[in-house]
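# Chains, contacts and geometry: an overview
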Amino acid sequence: MQPSRFTVRVPLPERDEVFLLNTLTDAQAIVSPDVAALLDGRAADTDAAASALQTLADHGFLVTSRDDDDRALAQHFSEVRHDRGELRVTILTTEQCNFACGYCVQGDHGDANASGRKMSLETADAVARWFAAQLDAVRPQRAVMTFFGGEPLLNLPVLYRLAERAHVAARMRGVTFLINVITNGLLLSPEVVGRLVPFGLNGVKVTLDGDREAHDRARPLRGGQGTFDRIVANVAAVAGLCRISIGGNVAPDAIDGYQALLAFLAQQPFAPAISKVSFKPLIDTQGSARSAVSASGARARVIPLAPVGGGAEGGTCMTARGAGRASGCDSCGVDDLALDDLREQTKRAGFSTPDGVHMGPCEIHRAHAHTVGIEGELYKCPGFSGEATEVVGHISREATVMERESARRFNRLAAYELCGDCAFVPVCAGGCAVASHHELGDMHAPTCHRRAFESALVTLARDTASSATEPREGAA
Ligand code: SF4
Ligand code: SF4
């Protein structure tokens, strides 16, 4: 027997114990150092040690050979790819946005808002028919539809039409149906929520980029007016009517604004209604996007690296972007440890937040996860939307030769094959393909935030230990 290469350990000196996690099986254990030493080949010279050794093997901490790990990893990615339990569909209802965020070339800059496309009701009907056909083909237990944009609430007729028709299609087939909305919050209201709840509204995610000062600087209206107060008032108005989560884009120089935001949120009467607070590094595409503007004279689009549909919490999109293992991501510039610290502060403020270890594999690795564009074109994830060369099909016509070739490219995605023996491959899969595509010019190359995983692992170990009143299974 040998340790699985997906087994990671965190010493807990204050308890004289060791936290074990296998990132492939997700088995977790807190064991005594002598049990942990069995992983290193210490002889199991007592009945208790032999029993502990067997327990470690049963949970995948030990394997008989490297081939075991390889086979199990291949099986893991195959199961992720072919999972039929949940159909995930992200709908881009409009390219328009009523904000003029400095970091975003979409939205209300110049004539972008007027010229941005919107999904038509006819296309929405076609999407509903395609969705019903997907339900018949996949036969999932659950379907999750996430509305995204642009700003999805700027196209309410399409949003309502699709929500209702998809809800009916799912109900007729006995499929649980959930709706998520990712919005800037400016148009969020009890009326909107009231219309969507009967169709299965699961949650609304609202973006706040820091406290009032930081947010208003980052996410103003076109005239420069702040949006923070109105968004907070809107959140307060719908709190209790549906699940609300707060997401933010973390800029490298704005960490302080998030700390102030957490303190502010914790004091609000609606704080208990917030189901989750999560922050992701701001994906800085402006360099390439702005050069696209100057080169072609056309306005480039933002890459919407926000969470995509799926799961009760609304998504598993990662934050990975940039190459290397250095302290800060090459492209987003946000220090991994600063993000981990922010996660800690979020928990201390009383909010649930992702643990930073269980981050994937993301939607792009799932066959039954789709992003539908304004005209009904299909993408593998929202991060590729609007790029004609990355379209993989269409909801109501045969895929073209180019689209089929594009789909084949996505099906071959396996950047993790270049990641060697990294223990985080099962939960990272080589990072964000959109980041690889834009930063490295190759979606098949890994973008690495390993240090973020390692830092989050230490926090997970401490949290698990502090919540464990008794030694965990496998402890001697
Ligand atoms: S490839 Fe990147 S943007 Fe797309 S779903 Fe995965 S993590 Fe999100
Ligand atoms: S990208 Fe980095 S953290 Fe992710 S699997 Fe590869 S080496 Fe590991």
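Higher on the page you've got the structure.
Notes on the structure in this doc start here. A quick note: this is a predicted structure, and the numbers were derived from the prediction, not measured. (Residues numbered from 1 in each chain as written. Chains lettered and ligands numbered in written order. Predicted model: local features only at pLDDT ≥ 70, side-chain atom pairs only at ≥ 80, totals over all residues.)

The next point concerns the overall build of the protein. Of the regular secondary structure elements, the protein holds 16 helices and 14 strands. Here the protein holds 476 residues, and 49% of them are scored as buried. Of the contacts formed within the protein by residues at least 6 apart in sequence, a portion of 69% connects residues at least 24 apart. (Helix = DSSP H or I, 4+ residues; strand = E, 2+ residues; numbered from the N terminus. Buried ≥ 20, exposed ≤ 12 C-beta atoms within 10 Å, placed from the backbone. Contact = placed C-beta atoms within 7 Å.)

On to the pairing of strand β9 (residues 201-207), then. Burial analysis of β9 places seven of its seven residues in the buried class, the great majority of the element. Pairing analysis gives five bridges linking strand β8 (residues 176-183) to β9, with the strands arranged parallel. If you follow Ile-182 over to β9, its bridge partner there is Lys-205. Handedness of the β8-helix α7 (residues 190-196)-β9 crossover: right-handed. Where β9 lies against strand β10 (residues 243-250), five bridges are found, and the strand directions are parallel. Looking at β10, one finds that Val-206 is bridged to Ile-246. (Pairing = 2+ DSSP bridges. Right-handed = clockwise from strand over helix to strand, strands pointing away.)

With that out of the way, let us pick up the sheet that holds strand β3 (residues 17-22). As summarised here, the arrangement of the three strands in space is β2-β3-β4, forming an open sheet in which the pairing is antiparallel. Edge positions in the sheet fall to β2 (7-12) and β4 (28-31), since each has one partner strand and no second. Neighbour-to-neighbour, the strand axes of this sheet turn through a mean angle of 20 degrees, independent of strand direction. Note: β3 against β4, four bridges, orientation antiparallel. Its bridge partner being in β4, Val-18 is matched across the sheet by Val-31. Across the face of the sheet, helix α16 (residues 450-467) comes into contact with β2, β3 and β4 while running at roughly 60 degrees to β2. (Axes fitted to C-alpha atoms, helices over the stretch in contact; angles between N-to-C directions.)

We now examine the site of ligand 2. Around ligand 2 sit Tyr-416, Cys-419, Cys-422, Phe-424, Val-425, Cys-428, Gly-430, Gly-431, Pro-446, Cys-448, Arg-450 and Phe-453, and that is every residue in its neighbourhood. Secondary structure elements with two or more residues in the shell around ligand 2: α14 (425-428) and α16. By residue class, the composition of the shell around ligand 2 is nine nonpolar, two polar and one charged. (Near = placed C-beta within 6 Å. Nonpolar A, V, L, I, M, F, W, Y, C, P; charged D, E, K, R; others polar.)

Ile-91, Leu-162 and Ala-166 are the most contacted members of the largest nonpolar core, which totals 110 residues. It is helix α6 (residues 156-172) that provides the largest number of residues to this core, a total of seven residues. With near-sequence residues (within four places) excluded, Ile-91 lies in contact with Val-127, Met-145, Phe-147, Phe-148, Leu-162 and Val-372. (Core = buried A, V, L, I, M, F, W, Y, C linked by C-beta atoms within 7 Å.)

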